[in-house]
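Chains, contacts and geometry: an overview
Residue-level listing of the chains:
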Amino acid sequence: MNVASKNWFELALNLRGSVIRDIKIQVLLSMVIALIVTILYKRGYSGFSQPILAGLIPGIVLGLILVFRTNTAYERFWEGWHIAGMTIFTGRNLSRQMWFTIPEKTLEDRQEKAAYVLLIAAFFIAMKQHLRGAGVNKHLKSVVSPEQYFELESVTNMPLKVTQWIGRYLTKQYEQKQIDSFQFSAMNLLLDRLVECLSRCERILAAPMPHAYSIHLRHLLILYCFALPFQMVKDLQWWTIPVSGVVAFALFGIEAIGLEIENPFGYDANDIPLDKLCHKLHNDIEELIASKTKSDSIG
């Protein structure tokens, strides 16, 4: 067995990230109803059997709605990944420009610059916490000063506050003639892109799937899966039970996947790994600062 086949079977048998736990009750209920219908049919209640074509039109309608629901959720998920990547890309560029463009004359200047460059990592961490509706965590506390930490505890939009600190630092460097107008404009443009990334993520959270649409979809799922045994019992007999379970597993699973990835910034197994991305950007900036410090000491 080659590596690809082995990985395929490992992925198929891996329950981590699966929605099986989320839909087990719906699947079991569908199988219980199929069991009841089959027992009644076996006892002579043949009126329970309905033509299998009776579910054709509802099945087509349900399929179209599920496809639309899944595509809409995946678009939000993919846009979230795109924004997360753009945040890292912009953060790396801004940290590089700040670290190599802004001059330092004393050790205090270097320490101040390093602290504000680290605020770029703090922005991504604060954005993650903001999107999850959480407050300041240990990781964010480690990259800001105690005064900034207490200030973040009292604001409603932590990442926006971090960009204000960085913006004031850049303005100070420009007013003191440490950077020219072109450098100031270039770094401010990157800072504006970070704010844009934050706003786009907030838009995803502020525009969820319409509540009425989600309710109607679930009504259709319940009606279709619970009515399915009546259409299959005449031809499948006892096989109606497992077949109903498989169909319910497929349909309720698709709906559960769409629900899970609709908000890509949470803690679910299939959400964007924001914690890892934050640590990655933080490590990149730390290495950037350490690389120049090391080269200066060698020189």
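In this text, all values refer to a predicted model and were calculated from it rather than measured experimentally.

A few words on the overall build of the protein chain. A tally of helices and strands in the protein chain yields eleven helices and zero strands. Element order for the protein chain, N to C, with α for helix and β for strand: α-α-α-α-α-α-α-α-α-α-α. Partitioning the intrachain contacts of the protein chain with sequence separation of at least 6 by distance along the chain shows that 78% fall at a separation of at least 24.

Attention shifts here to the packing of helix α4 (residues 107–131) against helix α7 (residues 158–175). Between α4 and α7, whose axes approach to 8 Å, the crossing angle comes to 160°. One finds that α4 runs roughly antiparallel with respect to α7. As for the relative orientation of α4 and α7, their crossing is left-handed in sense. Residue-level contacts link Glu112, Lys113, Tyr116, Leu119, Ile120, Ala122, Phe123, Ala126, Met127, Gln129 and His130 of α4 to Met158, Pro159, Val162, Thr163, Trp165, Ile166, Tyr169 and Lys172 of α7.

Taken over all residues, the pLDDT of the protein chain has a mean of 86, while the share at 70 or more is 89%. Within the protein chain, helix α1 (residues 3–13) has the poorest average pLDDT of any element, 60, and α7 the best, 96.

Moving on to α7. Taking 1.5 Å as the rise per residue, α7 with 18 residues should run 26 Å; its terminal C-alpha atoms sit 26 Å apart, in good agreement. Along α7, the positions that sit buried rather than exposed are Met158, Pro159, Lys161, Val162, Thr163, Trp165, Ile166, Gly167, Tyr169, Leu170 and Gln173. Where α7 begins, the side chain of Asn157 points an oxygen toward the backbone nitrogen of Leu160, at a separation of 3.2 Å. Two residues or fewer past α7, Lys177 is found with a positive phi of approximately 65°.

Unlike most non-glycine residues, Lys177 shows phi in positive territory, near 65°. Note that Lys177 resides in the loop between α7 and α8 (181–206). Residue Lys177 is classed as exposed on the basis of its relative accessible area, which comes to 72%. Phi at Gln237 is positive, roughly 55°, even though this residue is not glycine. Assignment of secondary structure puts Gln237 in the loop between α9 (211–236) and α10 (240–261).

What counts and what doesn't
Residues numbered from 1 in each chain as written. Predicted model: local features only at pLDDT ≥ 70, side-chain atom pairs only at ≥ 80, totals over all residues. Heavy atoms only, no water. Helix = DSSP H or I, 4+ residues; strand = E, 2+ residues; numbered from the N terminus. Contact = heavy atoms within 4.5 Å. Axes fitted to C-alpha atoms, helices over the stretch in contact; angles between N-to-C directions. Parallel < 35°, antiparallel > 145°, perpendicular 65-115°, else oblique. Left-handed = near helix turned anticlockwise from the far one by under 90°. pLDDT = per-residue confidence, 0-100. Expected span 1.5 Å × (residues − 1). Buried < 20%, exposed > 50% of the residue type's maximum accessible area, 1.4 Å probe, protein only. Polar contact = N/O pair within 3.5 Å; in protein donor to acceptor, adjacent residues only side chain to side chain.

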